Amino acid sequence: MEKVVVNNYGSFDVAFAKSKGSTMWDINGKKYIDFIAGIGVNCLGHNYKPLVKAIAKQAKKQIHISNYYFSDVGICYSLDLLESLGFDRVYFGNSGAEANEAAIKLARKYGQLNGGSKRKTIVTLEWSFHGRTLATLTATGQDRFHPDSFAPYPDGFKTIKANDFDSLKNAFDDTTAALFIECIQGEGGVNLIDKEWAKAAAKAARDAGAIVMCDEVQTGVGRTGSFLASDDLEIEPEVVTLAKGIAGGIPMGACLFRGKAKDVFAAGDHQSTFAGNPLACAAAQVVLDTVNKESFLFDVNQKGEYIRNIIRTWDLPIVKEVRGKGLMIGTQIDSSVKPFDIEVKCLEEGLCTTTAGTDVVRFLPPLNISYDEIDAGLKIYRKVLESFCR
Ligand SMILES: *Cc1c(COP(=O)(O)O)cnc(C)c1O
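Residues numbered from 1 in each chain as written. Predicted model: local features only at pLDDT ≥ 70, side-chain atom pairs only at ≥ 80, totals over all residues. Heavy atoms only, no water.

The next subject is the overall build of the protein chain. When you go through the protein chain residue by residue, the secondary structure sums to 11 helices and 17 strands. Taking 21 Å as the expected radius of gyration for a compact globule of 390 residues, we find that the protein chain reaches 21 Å, a close match to that expectation. Principal-axis analysis of the C-alpha atoms places the extent of the protein chain at approximately 60 × 55 × 45 Å. In the protein chain, which comprises 390 residues, the proportion classed as buried is 53%. Within the protein chain, residue pairs in contact and separated by at least 24 positions form 73% of the contacts whose partners lie at least 6 positions apart. As displayed, the protein chain has an accessible area near 17,900 Å², and 52% of this comes from carbon and sulfur atoms. Looking at the protein chain, you have 45 positive and 48 negative side-chain charges, and the mean spots of the two groups are 3 Å apart. (Helix = DSSP H or I, 4+ residues; strand = E, 2+ residues; numbered from the N terminus. Rg over C-alpha atoms; globule rule 2.2 N^0.38 Å. Buried < 20%, exposed > 50% of the residue type's maximum accessible area, 1.4 Å probe, protein only. Contact = heavy atoms within 4.5 Å. Areas by Shrake-Rupley, 256 points an atom, 1.4 Å probe, with all protein chains shown as cover. Lys, Arg positive; Asp, Glu negative; His and termini not counted. Charge placed at Lys NZ, Arg CZ, Asp CG, Glu CD.)

In structure tokens form, the structure reads like this:
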């Protein structure tokens, strides 16, 4: 594969051939438990019948029509999404970075309209991750994502320290357009944002005339046991971005607006060719209808607690902390072991995981993973962690 695909990912030497639920098989028939779900994308697992059916049915009707027109499924899905989440407008994209680019552009225009050319700065958090385009990379609060090779980076971004009340002093002024935060930092290490700090940060930003935007590309669509993690922080963001799980595996992103952000974009301000096409909307409708139910989200919380508690009971010396919310789970590992080595060993043993930050093994399993698959995955995980304790 290295010969045909640009080796941007440092991919493992495994080729998958088929999957069902939270179980995957490689081309040699070896079985793996999926604790990563395509990095939080396959929120309903693999080969989920109602999703497959809806995609097949829509493919027969129409796949794509361009945003010069509306589609029946696009209108229905947009109305359902906005009504159930309490937003006024949606812009669709095809990825998380694209949804975030829309948010960044909107924030800058909001600044222009509410303070002129000086109000353009977007404040993000240390250890955040917002994507791989130039603007979203710059917004990302981790220097390892800013090598000189891709310079120059765009201006107008500033980072502050999360959960640190001192960092809020002088953070916002008449040059701030928006505060832009992940509700739990995924890529940065499964770092929880303290609710009281988030509320204070949102208030300080608004007092300075800025809007509040949440990057829920990873935390959204039920991942944390609420449909939106920002609801738990009680900060009522004017803008929320979604992607990853939104259409269960079909590429899609969304940027939701309300309040002061509602009428900022005008015709022609921002567009994308594939965005929100009927195929993606048909898939996203199934995800919304399935995930946005109290009983489903209750199960996500239960399963997350179940996994975290079991890992804690192992009481292993290399495990410093088990944290997260819902099915966004991080195991912080002692500095004696590299999380990447654990990931490699897990894969050898038939468990797909990933890493986060500098010292965390991260799980983002399908939201409908079965307890049997959880137990099978945890059995492998325990064996691997124990092998590093010797
Ligand atoms: C994955 C991720 C992104 C980038 O999404 P892409 O679809 O890869 O562009 C942005 N923000 C957060 C919080 C993410 O987890």
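From this point on, the discussion continues.
This part covers the pairing of strand 3 (residues 31-34). The sheet contact formed by strand 2 (residues 23-26) and strand 3 spans 3 bridges and is antiparallel. For Met 24, the partnering residue across the bridge sits in strand 3 and is Tyr 32. With antiparallel pairing between neighbouring strands as the criterion, strand 2 and strand 3 make up a hairpin whose turn holds 4 residues, including Gly 29 at a positive phi of roughly 85°. Here 2 bridges tie strand 3 to strand 15 (residues 351-352), and the two strands are oriented parallel to one another. What sits directly across from Ile 33, in strand 15, is Leu 351. (Pairing = 2+ DSSP bridges.)

Next up on the list: the sheet that holds strand 2. In spatial order, the strands read 1-2-3-15; together these 4 strands make up an open sheet with mixed pairing. The sheet is open, and its two edges are formed by strand 1 (16-20) and strand 15, each paired on a single side.

In this section: the pairing of strand 6 (residues 157-160). Side-chain positions along a regular strand alternate between the two faces of the sheet. Bridge count for strand 5 (residues 121-125) against strand 6 is 4 bridges, and the pairing is parallel. Paired with Leu 125 across the two strands is Ile 160, which belongs to strand 6. Once you follow strand 5 into helix 5 (residues 134-139) and on to strand 6, the crossover reads as right-handed. (Right-handed = clockwise from strand over helix to strand, strands pointing away.)

This brings us to the domain arrangement of the protein chain. Here the domain parsing of the protein chain yields domain 1 (16-34 + 294-387) and domain 2 (50-291). Computed over C-alpha atoms only, the centres of domain 1 and domain 2 are separated by 27 Å. If you look at the interface, domain 1 gives 20 residues, while domain 2 gives 23 residues. Between domain 1 and domain 2, the buried area comes to about 1,700 Å², and carbon and sulfur atoms account for 61% of it. If you sort the residues of domain 1 by the area they bury against domain 2, Leu 297, Lys 325 and Met 328 come out on top, with a joint share of 36%. For the pair domain 1 and domain 2, the interface holds 2 salt bridges. Across the pair Arg 362 and Glu 187 runs a salt bridge, and its minimum N-O distance is 3.6 Å. There are 9 residue pairs in polar contact (both at pLDDT 80 or more) connecting domain 1 and domain 2. Among the elements of the structure, helix 9 (294-314), strand 13 (319-325), strand 14 (328-333) and strand 17 (360-363) are those that each provide at least two residues to the side of domain 1 that touches domain 2. Among the elements that line the side of domain 1 that touches domain 2, the one with the most residues is helix 9, at 4 residues. A breakdown of the residues in the side of domain 1 that touches domain 2 according to their chemical character gives 11 nonpolar, 6 polar and 3 charged. (Domains from an automatic or database assignment. Buried area = accessible area lost by both parts, 1.4 Å probe. Salt bridge = Lys/Arg side-chain N within 4 Å of Asp/Glu carboxyl O. Polar contact = N/O pair within 3.5 Å; in protein donor to acceptor, adjacent residues only side chain to side chain. Nonpolar A, V, L, I, M, F, W, Y, C, P; charged D, E, K, R; others polar.)

Given 3.6 residues per turn, any residue in an α-helix points the same way as the ones three and four places further on. The terminal C-alpha atoms of helix 4 (residues 96-113), which comprises 18 residues, lie 26 Å apart, in line with the 26 Å expected from a rise of 1.5 Å per residue. For helix 4, the set of buried residues is Gly 96, Ala 97, Ala 99, Asn 100, Ala 102, Ala 103, Ile 104, Leu 106, Ala 107, Tyr 110 and Gly 111. Two or three places before Glu 98, at the start of helix 4, stands the capping residue Ser 95, its side-chain oxygen 3.1 Å from that residue's backbone nitrogen. Positive phi shows up at Gly 115, right after helix 4, with a value of about 155°. (Expected span 1.5 Å × (residues − 1).)

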